[in-house]
Amino acid sequence: MTPYLLRRCLLAGATVVAATFLTFLLLRLAPGEPAQTILARIFLRDLTATVSAGDAAALAERYGLSAPLLVQYGRWLAAALGGDLGVSIRSGRPVLTELGWRLPVTLLLALLAMALALVLTLALVTARRMLRRPLADRGFALIVTACVSLPGFVLGLVMILVFSLSLDWLPVSGTGGWSHWVLPVIVLALGQLGFTAVLLDDALEEALAAAHIVSARARGLSERCLLLVHALPNALVPLVPYLALQFAFLVGGVVVVERLFALPGLGSYLAEALDARDGPAFLGAVAVVALAVALANLAADLLVAALDPRIRLARSEA
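On a predicted model such as this, the values are computed, not experimentally measured, just so you know.

Q: Explain the overall build of the protein chain to me, using residue names and the numbers behind them.
A: Summing up its helical and strand segments, the protein chain has 15 helices and zero strands in all. When contacts within the protein chain are restricted to residue pairs at least 6 apart in sequence, long-range pairs at least 24 apart make up 70% of them.

Right, dumping it as structure tokens:
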């Protein structure tokens, strides 16, 4: 497993470098010079101040913005490897410090949503398989279709109107206590439920058709035992990589939910940095998201190899 782990770590590093380089290149190719943006932020409160070409050129020279793009990216990458992601143009604070405030909120939100989505998926799929009735099949299809087709912001607005404004059961926004997390976690979990339920249901269908399950059924084992003890553990194996990808997606893709419920997480930080054209903040956040995706994929591969001896044996032989 050591050569395989080394290859996966190198691939993870290459993924982060590629994502950050493309983001860096797009930021530099966007309209407006970085030096002009920085000076505009500095003089933002002085409505009579003007940004001259000489001031912009001096600032570009001071911060190395006049160097070739590859040289600029190389300097940023070297600093990032040392833990320096630059300074935010908006706030003047280190980007790493601001991400340290925002990332725990997003991680907690993503973990709670993934856990709830997994619990609901297991309950929904096993209930359908154990009931084995047309009504259960229709209910399963209806729930899956609703979760897949309903946008997260629509579901969030409906839940705010019902549970916060009408019934006054839960707060609308903020992170003051556990009750502030209920609505955003449910919205994100329901958004993942449709895809995970379909994937697990298909994997369970394949697992129940396996030869050893057919033999066990012929020996008189109950359907409940076949489903929960023999088929379900095998069906969970193909679900692991998808859950890892979904977790990585949630880390960087919860912009709508975080802004809707006013959560100070990584998603809202990305949106705010993009709105303000804060290049260092946006690039640092993208680096964190890319690292989360790479680490999630690596963890998923190792977990699948641990759960499935056939994959572990094939990789050791390779």
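Q: Can you explain the pattern of salt bridges? Please cite residues and give values.
A: Enumeration over the complete set of coordinates arrives at six salt bridges. Across the salt bridge formed by Arg-102 and Glu-272, the nearest N and O atoms sit 3.0 Å from each other. Within this pair, whereas Arg-102 is found in helix α5 (residues 95–131), its partner Glu-272 is found in helix α13 (residues 266–275), the two being separated by 170 residues in sequence. In this structure, Arg-129 and Asp-201 form a salt bridge, with 3.2 Å as the shortest nitrogen-oxygen distance. Highlighted residues: Arg-129 in helix α5 and Asp-201 in helix α8 (residues 179–208), separated in sequence by 72 residues.

Q: Explain helix α7 (residues 152–166) to me, and be specific about the residues and the numbers.
A: Look at α7: 20 Å from first C-alpha to last across 15 residues, which is about the 21 Å you get at 1.5 Å a residue. A bend of about 30° at Ile-160 is the largest found in α7. Of all the residues in α7, the buried ones are Leu-155, Gly-156, Met-159, Ile-160 and Ser-164. At its buried positions, α7 is contacted by α8 and α12 (255–260).

Q: Kindly report on α5, identifying the contributing residues and their values.
A: Across its 37 residues, α5 extends 53 Å between first and last C-alpha, which sits within 8% of the 54 Å expected from 1.5 Å per residue. The sharpest bend along α5 comes to roughly 30°, located at Arg-102, with the proline Pro-104 sitting one to four residues further on. Positive phi appears at Arg-132, one or two residues downstream of α5, with a value of about 50°.

Q: Describe the packing of helix α9 (residues 211–218) against helix α10 (residues 223–236), and please don't skip the residues or the numbers.
A: Angle between the axes and distance between the axes: these two values describe a pair of packed helices. Between α9 and α10, whose axes approach to 11 Å, the crossing angle comes to 165°. It follows that α9 is roughly antiparallel to α10 by the angle criterion. In the crossing of α9 with α10, the sense of the turn from one axis to the other is right-handed. In this structure, α9 uses His-212, Ile-213, Ala-216 and Arg-217 to contact α10, whose residues at the interface are Glu-223, Leu-226, His-230, Ala-231 and Asn-234. The class makeup of the residues in the contact of α9 with α10 is four nonpolar, three polar and two charged.

Q: Report on the environment of Ala-294, specifying residues and quantitative values.
A: For Ala-294, the location among the structural elements is in helix α14 (residues 279–307). C-alpha of Ala-294 to C-alpha of Cys-9: the two residues are 285 residues apart in sequence and 8.5 Å apart in space. Setting aside residues no more than four positions away along its own chain, Ala-294 makes contact with Ala-12 and Val-16.

Q: Describe the packing of aromatic side chains, and please don't skip the residues or the numbers.
A: Per the stated rule, a full pass over the model turns up four aromatic pairs. Between the aromatic rings of Phe-21 and Tyr-73, the centroid separation amounts to 5.2 Å while the plane-to-plane angle is 75°, which identifies the pairing as edge-to-face. Taken together, the residues span a long stretch of sequence, with Phe-21 in helix α1 (residues 2–29) and Tyr-73 in helix α4 (residues 69–81) at a distance of 52 residues. On the basis of an interplanar angle of 40° and a centroid distance of 6.1 Å, the ring pair of Phe-163 and Trp-169 is categorised as tilted. Among the aromatic residues, ring-to-ring pairing joins Phe-21, Phe-24, Tyr-73 and Trp-76 into one connected group.

Q: Could you give an account of the confidence of the model for the protein chain, naming the residues involved and the relevant values?
A: If pLDDT is low for a region, its predicted coordinates should not be looked at in detail. Summary statistics for the protein chain give a mean pLDDT of 79 and a share of 83% for residues scoring 70 or more. Confidence drops under a pLDDT of 50 for residues 42–49, and excluding neighbours within four residues, the segment shows two contacts in the predicted structure.

Cut-offs applied
What you see as residue numbers is a count from 1 along each chain, following the sequence as written. Thresholds applied to this predicted model are a pLDDT of at least 70 for local features of residues and 80 or more for the giving and counting of side-chain atom pairs; totals over whole chains, interfaces and linings are not thresholded and use all residues. To obtain the side-chain values, all non-hydrogen atoms of the structure were used and water was disregarded. Each helix is a run of DSSP H or I of at least 4 residues and each strand a run of E of at least 2, with the numbering of both proceeding from the N terminus. Any two residues whose heavy atoms approach within 4.5 Å at even a single point are treated as in contact. Salt bridges are defined by distance alone: a side-chain nitrogen of Lys or Arg within 4 Å of a carboxyl oxygen of Asp or Glu. Expected span of a helix: the number of residues minus one, times 1.5 Å. Working definition for bend: take the seven residues up to and ending at a residue and the seven starting at it, fit an axis to each, and measure the angle between the axes. We call a residue buried when its accessible area falls under 20% of the maximum for its residue type, exposed when it is over 50%, and partly exposed in between, using a 1.4 Å probe and counting protein chains only. Note on method: axes are straight lines fitted to C-alpha atoms, helices fitted across the in-contact stretch only, with angles between N-to-C directions ranging 0 to 180 degrees. Comment on the angle field: the value is read as roughly parallel under 35 degrees, roughly antiparallel over 145, roughly perpendicular from 65 to 115, and oblique elsewhere. Take the far helix as your reference; a near helix turned counterclockwise from it by less than a right angle gives a left-handed crossing, and one turned clockwise gives a right-handed crossing. Following the grouping adopted for this structure description, the nonpolar residues are Ala, Val, Leu, Ile, Met, Phe, Trp, Tyr, Cys and Pro, the charged ones are Asp, Glu, Lys and Arg, and the polar ones are all others, Gly among them. Pairing of aromatic rings covers Phe, Tyr and the six-membered ring of Trp, with a centre-to-centre limit of 6.5 Å; geometry is then stacked below 30 degrees between planes, edge-to-face above 60, and tilted otherwise. The predictor reports its confidence for every residue as pLDDT, a score running from 0 up to 100.

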